[in-house]
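# Reading the structure
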Amino acid sequence: LLVLWAVLTRQTAHSSALYGLTLATLAVLALSNSLMQTAVLGVAGAIGPEMSAAVMVGLGFCGLVILGTSLLVQAIESARGVDEANGDAGLMVAVVLFVECLLCTIASIWVYFVYLTRRNSQASAVIASLEAQRKGRNQGENTRAFDMEHVLEAGTSNGSEVSESTWRRGAVVLREIAPQAVNVVSIFLVTMSVFPGVVLSWQPGSGSAFHAKVLLFRTLLLGAFQLFDVIGRSAAQGCSRCIAPQRIWVIVLLRFALVPLFMLGQRKPELSVLCGSDGGRLLL
């Protein structure tokens, strides 16, 4: 549907309505993707930390695969003389990447229903347990609701004791995870403040090697992020031996210094080689 809307938007006079349908389709895809990633991380966490680490690295590696496909398609388009100015090149890249994501989804179904559930004994045991919990959840919800209602209607102290115990356990968990939760939120705050919106607004300078190849320039900027995202995920376990968990906030705080540098690359790139040159921007 997304590809259909994109094609029709370029070939019909009712582009505004189809543009709205395209945005709605993107919203559905984004929601579905978030649900799928949450489910994958949940299953991996139930199996063990090694599986969680593998999933995190795999998610980053997917970005590199998409980057390679995008560069390959752009190289083919350049050889065939496809013009970037009218948007045909970007549309072709979007269609190819969409097909690739569809094939990856099909492959993921095979991984879950064949490899993990049948060939990996540890994973299959965890998945079987999770499936049993899911199937029994509806029955258990009715039973738990009746029991809690009975306790509360009895007017005894048991209801308040259960509620107080639940809140106490929750408060302990929140206090324990709060420092790292703040670190994670801060990291995402810095990232989403400049990427990809600010980065994709960077224009190649007059002396840039990408002056006439804006699409390739932006693809490489996205690729630099994906590459070092994978490196960062892979290096996390080794770095954890050198940095105490209670000192991570120092690195997270220093990361906020990148925001004005990225903004300079958008507003005043001529002020600094780091913010205005091709190599400096890729390094950022």
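Before reading on, note that the structure itself is shown above.
A brief structural summary. (Residues numbered from 1 in each chain as written. Predicted model: local features only at pLDDT ≥ 70, side-chain atom pairs only at ≥ 80, totals over all residues. Heavy atoms only, no water.)

## Notes on the side chain of Asp-278
Inclusion rule: Segments assigned H or I by DSSP are reported as helices when at least four residues long, segments assigned E as strands when at least two residues long, and all are numbered from the N terminus. With a 1.4 Å probe rolled over the protein chains alone, any residue whose accessible area is under 20% of its type maximum counts as buried; one over 50% counts as exposed, and the rest are partly exposed. Just so you know, the count uses Lys and Arg for positive and Asp and Glu for negative, and it drops His and the chain ends. A pair is scored as a salt bridge if a Lys or Arg side-chain nitrogen falls within 4 Å of a carboxyl oxygen belonging to Asp or Glu. Side-chain atoms alone can form a polar contact between residues adjacent in sequence; in general such a contact is a pair of N or O atoms within 3.5 Å, and within protein one must be able to donate a hydrogen while the other accepts it. Residues count as neighbours in contact if any of their non-hydrogen atoms are within 4.5 Å of one another.
By secondary structure assignment, the location of Asp-278 is in helix 11 (residues 278-283). Salt bridges are absent for the buried Asp-278, whose nearest opposite-charge side chain, Arg-281, sits at 5.4 Å. A distance of 3.2 Å separates a polar atom in the side chain of Asp-278 from the backbone nitrogen of Ala-209. In contact with Asp-278, not counting residues within four places along its chain, are Ser-208, Ala-209, Phe-210 and Phe-217.

## Remarks on the environment of Ala-209
The residue Ala-209 is located in the loop between helix 6 (158-194) and helix 7 (214-239) in this model. When its relative accessible area of 64% is taken as the criterion, Ala-209 is described as exposed. In the structure, Ala-209 is positioned 68 residues away from Ser-277 in sequence and 9.8 Å away in space, judged by C-alpha atoms.

## Here's the deal with helix 3 (residues 49-80)
In an α-helix there are 3.6 residues to a turn, and that puts residues three or four apart on one side. Going by this rule: Helix span is expected to be 1.5 Å times the residue number reduced by one.
Taking 1.5 Å per residue, 32 residues should reach 46 Å; helix 3 reaches 47 Å between its end C-alpha atoms and fits that length. Taken as a whole, helix 3 has its buried residues at Val-55, Gly-60, Gly-63, Leu-67, Thr-69, Ser-70, Val-73, Gln-74 and Glu-77. The first or second residue beyond helix 3 is Gly-81, which carries a positive phi of 75 degrees.

## Details of the environment of Leu-59
Mapped onto the elements, Leu-59 comes out in helix 3. Put simply, Leu-59 and Gln-226 are 167 residues apart on the chain and 9.9 Å apart in space, counted from C-alpha to C-alpha. If near-sequence neighbours (up to four positions away) are discounted, Leu-59 is found in contact with Gln-37 and Arg-233.

## A look at the packing of aromatic side chains
Condition: In this analysis, rings of Phe, Tyr and Trp, with Trp reduced to its six-membered ring, are considered paired at centre separations within 6.5 Å, and the interplanar angle assigns stacked below 30 degrees, edge-to-face beyond 60, and tilted for intermediate values.
A complete count under the given rule lists 3 aromatic pairs for this structure. Aromatic side chains Phe-195 and Phe-225 sit 4.0 Å apart centroid to centroid with 20 degrees between the ring planes, which places their arrangement in the stacked category. Of this pair, Phe-195 sits in the loop between helix 6 and helix 7 while Phe-225 sits in helix 7, placing them 30 residues apart in sequence. Plain terms: the ring middles of Trp-202 and Phe-262 are 5.4 Å apart, the flat faces sit at 20 degrees to each other, and that makes the pair stacked. A residue pair is termed long-range when its members are at least 10 positions apart, and Trp-202 in the loop between helix 6 and helix 7 and Phe-262 in helix 9 (residues 258-267) qualify at 60 residues. Considered together, Trp-202 and Phe-262 belong to a single accessibility category, that of buried residues.

## What about the nonpolar core?
Filter applied, for reference: As used here, the term nonpolar core means buried Ala, Val, Leu, Ile, Met, Phe, Trp, Tyr and Cys residues forming a set that is joined through side-chain atoms within 4.5 Å.
Membership of the largest hydrophobic core is limited to 9 residues, which are Val-194, Phe-195, Val-198, Val-199, Trp-202, Phe-210, Phe-217, Leu-221 and Phe-262. In contact with Val-194, not counting residues within four places along its chain, are Val-199, Val-259 and Phe-262. Grouped together as the second largest cluster of nonpolar side chains are 6 residues, Leu-116, Ala-123, Val-126 and Ile-127 included.

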